[in-house]
Amino acid sequence: MLPKAPLMTIDGKGVEGSEKLSVINPATGKSFIEVPDCTREELDRAVAAARRAFPEWKALSYDARREALLAIAAVLEEHGDEIAELIVQEQGKPFSAAQGEIRSGLRWSRGTAALELPVRIAEDSAERRVEVHRVPIGVVGAIAPWNFPIVQACWKILPALLAGNTVVLKPSPFTPVATLRLGELLQGVLPAGVLNVVSGGDRLGPWMTEHPDIDKISFTGSTATGKLVMRSAAGTLKRLTLELGGNDAAIVMEDADITKAVEGLAWGAMRNAGQICSATKRIYVHDSVYDHFARAFADRVAGVRFDRADVAGAEVGPVQNRTQFERVSAIIEDSRAEGHGFLLGEAEAGSDAGYLIKPAIIDCPPDDSRIVVEEQFGPVVPLLRFTELDDVLKRVNATQYGLGVSIWSADLAKARELSLAIDCGTAWINETQYVSPDFPFGGHKQSGLGVENGIEGLLAYTQTQTLVLRRG
């Protein structure tokens, strides 16, 4: 059964939109619904509504805004299965995975609401008292990606609202349906204009990043697009948070628990069809345990059920869109053409019905090969040998990216020392992809600018105001 087409939310009301955008179901490769394709005039109305709502929302007590986040959590909880069904149809992940995304949204709503904005006392002397306050920035333009449409939107709108900003949220044109529906459900929960949700194609993002009445852009997406966002936002000196690409490495040491490493990295590489910015995208294994790990890893990945979300028992669905399908397929074909060894997937091909790609594991490709150098963002991963720590450290750091790394070892002190020498925003030891509303997540180098989550992520939606009070 096809869902009812959701509306945009502008100034607390549903807006059908004067133009339409088709949304593709990645399981079939065919359009299943049309949503509004926001015009410039409709965007201007959304931004103006956010601007009007800002003074009153800013003036609310912090506790009142905290309660609003808990009300968002209640909506997600009540309507979770409905929203999850929409995620399945537009994103392609199985229903259980979509439910997991809703649970993450709940966790972030409640966890973000628990954060406190500090007031720092810089001086408290007989002569004066100096207080450093954090105040909201204004209107935030939030641009969310297609791999986790709801939880990534939550990463942006929750801290923005808690800090006292108002928001114009744009979901990806590939996955706008669930986010638009969430906007509809929140129309009676948040004051009019506080959260506006607009959908549209490639023209909408640049309109937002250059818009003179948007004060901050929070963007999650590719590094290439992030550079365009930064360039466009420069005209009005917008504040920026950019969560961009990654080519995350894993290092499996000779003393690692191979069973645990295989299980953790199989899902670290293949969960959500590899479409995670912090997915494990290249795995360096000590030569002494390489053969053991490689066999076990290939067997574990082969046991994962890759299929359409509507097939019983499916654990991982297709990649989300045609462009990504073609890119990942081309990377796999490049390894075939270059004669790389395959531990899994050499004879597999993508499905003609939709964007399903079976997993592939490449055996020791050269360090300068496409599968090692590029961010694949799909269900294919290379395994590489190493013997010396100095060598693997250089190879891991030899990338423009710096998002995350995972190290697997029984020697926690050595793993900790190694992790601190790697250029990355997050290092995991004996696990991967653990994130939380309680601590920051972000990248070094060309993996991003600023962080999301934790008090650091909340502060990114504020600016400082210093109060100097002269006594006597």
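Computed from a prediction, not measured in an experiment: that's the story for all the values here.

**Quick notes on the overall build of the protein**
Then, number 1: Across its full length, the protein holds 15 helices and 24 strands.
Then, number 2: Radius of gyration (C-alpha) of the protein: 23 Å, near the 23 Å computed for a compact globule of 472 residues.
Then, number 3: Principal-axis analysis of the C-alpha atoms places the extent of the protein at approximately 70 × 65 × 40 Å.
Then, number 4: Expressed as a percentage of its 472 residues, the buried residues of the protein come to 57%.
Then, number 5: Sequence-distant contacts in the protein: of pairs separated by 6 or more residues, those separated by 24 or more amount to 73%.
Then, number 6: Total accessible area computed for the protein in this model is approximately 18900 Å², and 52% of it derives from carbon and sulfur atoms.

**Some words on the packing of helix α3 (residues 80–91) against helix α4 (residues 95–113)**
Then, number 1: One way to put it is that α3 packs onto α4 with a least axis distance of 8 Å and a crossing angle of 125°. What the angle tells us is that α3 and α4 run oblique. Considering the relative orientation of α3 and α4, their crossing is right-handed. Packed against α3, whose contacting residues are G80, D81, I83, A84, E85, I87 and V88, the element α4 presents F95, A98, Q99, E101 and I102 at the interface.
Then, number 2: Looking at side-chain class alone, the contact of α3 with α4 contains 7 nonpolar, 2 polar and 3 charged residues.

**Notes on unusual backbone geometry**
Then, number 1: Residues other than glycine seldom take positive phi values, yet N272 does so here, at roughly 55°.
Then, number 2: The topology assignment puts N272 in the loop between α9 (258–270) and β13 (282–286).
Then, number 3: We note that C364 has phi near 55°; this positive angle belongs to a residue other than glycine.
Then, number 4: Inspection of the secondary structure puts C364 in the loop between β15 (360–363) and α12 (370–373).

**With respect to the sheet that holds strand β6 (residues 128–136)**
The strands making up a sheet associate through hydrogen bonds between their backbones, and the pairing can be parallel or antiparallel.
Then, number 1: An order of β5-β6-β24 is seen for the 3 strands of this open sheet, with the pairing classed as antiparallel. Sheet topology places β5 (120–124) and β24 (462–470) at the edges, where each strand pairs with a single neighbour. Taken over all neighbouring pairs, the strand axes of this sheet differ in orientation by 20° on average, direction set aside.
Then, number 2: One ladder, built from 9 bridges, connects β6 with β24; its direction is antiparallel. Counted as the bridge partner of R129 is L469 from β24.

**What to know about the side chain of E452**
Then, number 1: Turning to its location among the elements, E452 is positioned in strand β23 (residues 451–452).
Then, number 2: Since its relative accessible area comes to 2%, E452 is described here as buried.
Then, number 3: Within polar-contact distance, the side chain of E452 engages the side chain of K156 at 3.1 Å.
Then, number 4: Those residues in contact with E452 that sit more than four places away from it in its chain are Q152, W155, K156, S218, T220, T241, E243, F439, P440, F441, G457 and Y461.

**Section: the environment of I217**
Then, number 1: Structurally, the position occupied by I217 is in strand β10 (residues 216–220).
Then, number 2: For the pair formed by I217 and G141, sequence separation is 76 residues and the distance between their alpha carbons is 4.7 Å.
Then, number 3: Setting aside anything within four residues of it in sequence, one finds I217 in contact with G141, I143, M208, T209, V229, K238, R239, L240 and T241.

**Notes on the pairing of strand β7 (residues 139–143)**
Then, number 1: In terms of burial, β7 is largely enclosed, as 5 of its 5 residues are buried.
Then, number 2: Burial along β7 is two-sided: V139, G141 and I143 facing one way and V140 and A142 facing the other are all buried.
Then, number 3: As paired elements, β7 and strand β8 (residues 166–170) share 5 bridges and run parallel to each other. From the neighbouring strand, A142 faces β8, where its bridge partner is L169.
Then, number 4: Since β7 and β8 lie parallel, the crossover through helix α5 (residues 149–162) that links them has a hand, and here it is right-handed.
Then, number 5: Sheet topology places β7 next to β10; 4 bridges connect them, and they run parallel. From the neighbouring strand, G141 faces β10, where its bridge partner is I217.

**Concerning the pairing of strand β3 (residues 20–25)**
Then, number 1: Side chains L21, V23 and N25 of β3 all project onto a buried face; the interleaved residues K20, S22 and I24 project onto a face where none is buried.
Then, number 2: In this sheet, strand β4 (residues 30–36) lies alongside β3 in antiparallel orientation, the contact comprising 6 bridges. Directly across from L21, in β4, lies its bridge partner V35.
Then, number 3: Between β3 and β4, which pair antiparallel in sequence order, lie 4 residues; one of them, G29, sits at a positive phi of approximately 75°.

**What about the nonpolar core?**
Then, number 1: In terms of nonpolar packing, the biggest core is built from 86 residues, with L43, I83, I150, V167, V168, L169 and V198 touching the most fellow members.
Then, number 2: Among the elements that take part in this core, α5 stands out by supplying 10 residues, more than any other.
Then, number 3: Dropping the residues within four chain positions of it, V168 is found in contact with L43, A46, V47, A50, V139, V140, G141, A142, N196, V198 and M208.
Then, number 4: One finds A249, A261, L265 and W408 within the second-largest nonpolar core, a separate group that totals 56 residues.

**Thoughts on the packing of aromatic side chains**
Then, number 1: Here the structure, examined in full by the defined rule, presents 6 aromatic pairs.
Then, number 2: Where W155 meets F441, the ring centres are 5.8 Å apart and the plane angle is 70°; that geometry is what we call edge-to-face. Separated by 286 residues along the polypeptide, W155 in helix α5 and F441 in strand β20 (residues 441–442) bring together distant segments of the chain. With respect to burial, W155 and F441 carry one shared label: buried.
Then, number 3: When the ring of F325 is compared with that of Y355, the centres are 5.9 Å apart and the planes differ by 40°; the resulting orientation is tilted.

Rules used in this analysis
Residues numbered from 1 in each chain as written. Predicted model: local features only at pLDDT ≥ 70, side-chain atom pairs only at ≥ 80, totals over all residues. Heavy atoms only, no water. Helix = DSSP H or I, 4+ residues; strand = E, 2+ residues; numbered from the N terminus. Rg over C-alpha atoms; globule rule 2.2 N^0.38 Å. Buried < 20%, exposed > 50% of the residue type's maximum accessible area, 1.4 Å probe, protein only. Contact = heavy atoms within 4.5 Å. Areas by Shrake-Rupley, 256 points an atom, 1.4 Å probe, with all protein chains shown as cover. Axes fitted to C-alpha atoms, helices over the stretch in contact; angles between N-to-C directions. Parallel < 35°, antiparallel > 145°, perpendicular 65-115°, else oblique. Left-handed = near helix turned anticlockwise from the far one by under 90°. Nonpolar A, V, L, I, M, F, W, Y, C, P; charged D, E, K, R; others polar. Pairing = 2+ DSSP bridges. Polar contact = N/O pair within 3.5 Å; in protein donor to acceptor, adjacent residues only side chain to side chain. Right-handed = clockwise from strand over helix to strand, strands pointing away. Core = buried A, V, L, I, M, F, W, Y, C linked by side-chain atoms within 4.5 Å. Phe/Tyr/Trp six-rings, centres within 6.5 Å; stacked < 30°, edge-to-face > 60°.

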